[in-house]
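So the chains spell out like this:
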Amino acid sequence: MLPQLSLVQPEPIPLSGTQHIQGNSAWSCHTAHSSNIHVDCIQKEYSNDTSPGQTPFPDSLKNHSPNASSLTKEHVEANGDSTGNTNDSDNPFAFDSDNCIGSYAPLVCFTCLIAFGGFVFGYDIGTIGGLIDMTPFIQTYGDTMLGNGHKAFKPITKGTIVSISCLGGFLSGIIVNKMIPYMGMRFTVFVSMLCYIMGNTLTLFSPNWKVVVVGRIFNGLSIGISQITCPMYISEITPIKQRGIFTCFNQLFTTFGIVVGSTSLLFTATQYFPSDSAQYQYPICQGIVLAVIGGLGIWFVPESPNWLVKRNKSIKVVKKSLGSLRGLPTTDENIINLTAKLFDMNTRPVKHEKVSTNIKNIDSKSIFKGKPKYFLRTSTGVFLLGFQQFTGINFFFYYGLLIFENVNLKTPYLVPVIFGLVNLVFSCLSVCVISIFKRKALLISGSVMLSILMALFTICGTVVKQSTNTTISLIILSCLFIAVFSLTWGPIASVIISELFPAPIKVKAMSICGSSAWIFNFAITLLVPLLANKIGLALGWVFAGFTALASLFVYQMIPETKNVTTTMLDKYYEENNSIFFHSSSLSRSWSKRGT
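Our subject in this report is the structure included herewith. Chains are numbered independently. Their residues run from 1 in the order of the written sequence. In keeping with the model being predicted, local features are shown solely for residues with a pLDDT of at least 70 and side-chain atom pairs are shown and tallied solely at 80 or more, while totals for entire chains, interfaces and linings include all residues. Here the side-chain values reflect all heavy atoms present in the structure, with hydrogen atoms and water set aside.

## Quick word on the packing of aromatic side chains
The relative placement of two aromatic rings is captured by the distance of their centres and the angle of their planes. Note the threshold: Aromatic pairing here means that ring centres of Phe, Tyr or Trp (its six-membered ring) are within 6.5 Å. Orientation follows from the plane angle: under 30 degrees is stacked, over 60 is edge-to-face, and everything else is tilted. Only DSSP runs of H or I with at least four residues qualify as helices, and only runs of E with at least two residues qualify as strands; both kinds are numbered from the N terminus onward. For each residue, the accessible area found with a 1.4 Å probe, counting protein chains only, is set against the maximum for its type, and the residue is called buried under 20%, exposed over 50%, and partly exposed in between.
Evaluation of the coordinates by the stated rule reveals 15 aromatic pairs. Ring centres of F267 and Y282 lie 5.9 Å apart, and the angle between their planes is 50°; this geometry places the pair in the tilted category. On the criterion of sequence distance, the pair formed by F267 in helix α9 (residues 243-271) and Y282 in helix α10 (residues 278-297) is long-range, its members being 15 residues apart. Relative accessible area serves as the criterion here: at 39%, F267 is assigned to the partly exposed category. Given the relative accessible area of 34%, Y282 is considered partly exposed.

And the structure:
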């Protein structure tokens, strides 16, 4: 029996009275209010860390109110972002201006190391679809003996090997939900890489296809954990104004991984004889090496400062993490301000109305009872990722060889490489597109174009007589479909999910959304071989219909999140009684503030 999805948040740090944080223990000083941090505490910790010759504690902070919340409030008012937005109480980086970043180089490097989890995911996508069609793989693990003495896979077996990883991805939501609050995001990403190594090792040495299925479950656990944790990790350590751009790094690395994976298959398919087991063993071994790199590299990334505070870490540890992420010394005034705000934010008591403190604390973390509209927001995220899967993108990436095998293409292994390169180029362009256009507009326009392209692809594949020109047309339409997806639904859906939820439910809600997406993905990858065997490329009509429906869903249900803080979204949901956002004047006013 699977455990229920629930999030047990660490207890807040008690800071009343005369408690101390020295080293890894608590810290000293009286506070004006028991839940707020006295700036003198930061100053005292600073003094303990300062050696002769270092810059003294900034005079500008000595004159501030000893109440940390007053300090940070004044600091935020003086350094609000250029968009005129109010600041996001759930993202500590929102309390500071963009100018407090000494250098973007460390943040870019750390983001790339985190996004390497997406690279491993992309590599898996780029290899598994072609791997199961390689002759030595089929002859080793095939479950059906043909009349000529060769083996083959039944359609249901092929679908199971590809899709079973999605069930592992579903289980990963439960694991992430339990692991992050206690072990942190860095350790969680490390575990995901270990799971991928275990999955590929089982596949490499498996005696039959059933053990391959077990290995694929571990692969699914790995990519599921990383695809929930990595965007969340990136979103939490980056400034709010650049949050969307940096979160896209995960999608960008995923597309790069697809190119590397499909290129590896093309290389082994052309360099090794069809009877040589190295043809499929080489890509599997390469996947193990990539996972080892990802598992080691994640330890160079600082842990989330917000998580460190929640786990009662010392000021020194939190300042070190913030300084590393911001490219600033720990003695910098901005780091000290931000540290004070982080502690204050995580120890501030929740104001309640008509309910007791204990009940409200429970409800504030409940998907069903939490307000404002936590259940609606979570359901919106689930359906958004569901529609992303039903665009039909995996129809091309998982079964590209199957599609173009039916149209008599001479070099089928070249097709995934072309798809991967198109995906990579337009995913790079998506970083600029996301910074210019609104999230909602991109999703709606993307839905319309994807639906039209899938309809044209289906007509070309089912109605038009097969010829060389038809094959070229199918490839061009496929590339256009992938290009539009890479600019719109590919990165935008994940960005919105990372921006939609407030801190009390973010881990839980994103875990639920991520797990649901894997269920949708499982259904598609399992059924595609069966349906394609029955109706061929007419299957495209199903995806075209779902994509058209997705445009209506986005128009009705998705709020604009670009440059909109979760504090603003909370007010947005609280004051809008309707579940539909397109007709609400409040919705339009908030969207204008997010531009």
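## Some thoughts on the pattern of salt bridges
The cut-off we apply is this: A pair is scored as a salt bridge if a Lys or Arg side-chain nitrogen falls within 4 Å of a carboxyl oxygen belonging to Asp or Glu.
What the rule picks out here adds up to 3 salt bridges. Linking K158 and D133 is a salt bridge whose minimum nitrogen-to-oxygen distance equals 2.8 Å. With K158 in helix α6 (residues 155-183) and D133 in the loop between α4 (104-131) and α5 (135-141), this residue pair connects regions lying 25 residues apart in the sequence. The exposure class of D133 is partly exposed, given its relative accessible area of 23%. Between E499 and R439 there is a salt bridge whose closest N-O contact spans 2.8 Å. Here E499 is found in helix α21 (residues 489-500), whereas its partner R439 is found in helix α19 (residues 439-462), with 60 residues between them in sequence. Of the two residues examined, E499 and R439, each falls in the buried class.

## Here's the deal with α21
Convention followed: Each residue after the first adds 1.5 Å to the expected span of a helix.
Between its first and last C-alpha atoms α21 spans 16 Å; for 12 residues at 1.5 Å apiece the expected length is 16 Å, and the two agree. Along α21, 11 of the 12 residues are buried, which leaves the element largely enclosed by surrounding structure. When α21 is considered as a whole, its buried residues turn out to be W489, G490, P491, I492, A493, V495, I496, I497, S498, E499 and L500.

## Comments concerning the side chain of Q286
The condition is simple: Here a polar contact means two N or O atoms within 3.5 Å. Within protein one must be a hydrogen donor candidate and the other an acceptor candidate, and residues neighboring in sequence count only if both atoms are side-chain atoms. Two residues form a contact once any of their heavy atoms are found within 4.5 Å.
Looking at the secondary structure, you find Q286 in helix α10. Within polar-contact distance, the side chain of Q286 engages the side chain of S264 at 2.6 Å. Discounting chain neighbours no more than four positions away, the residues touching Q286 are Y123, V260 and S264.

## Quick notes on the packing of α9 against α10
The test is simple: Only C-alpha atoms enter the line fits that serve as axes; for helices the fit covers just the stretch in contact. Angles between N-to-C directions range over 0 to 180 degrees. Angle categories are assigned with fixed cut-offs, so that under 35 degrees is roughly parallel, over 145 is roughly antiparallel, 65 to 115 is roughly perpendicular, and the rest are oblique. Left-handed describes a crossing in which the near helix is turned anticlockwise from the far one by less than a right angle; the clockwise case is right-handed.
Taken N-terminus to C-terminus, the directions of α9 and α10 make an angle of 150°; their axes are 8 Å apart at the nearest point. In terms of axis orientation, α9 runs roughly antiparallel to α10. Where α9 crosses over α10, the handedness of that crossing is right-handed. Along its contact with α9, which presents V260, S264, L265, F267, T268 and A269, the element α10 presents Q279, Y282, P283 and Q286.

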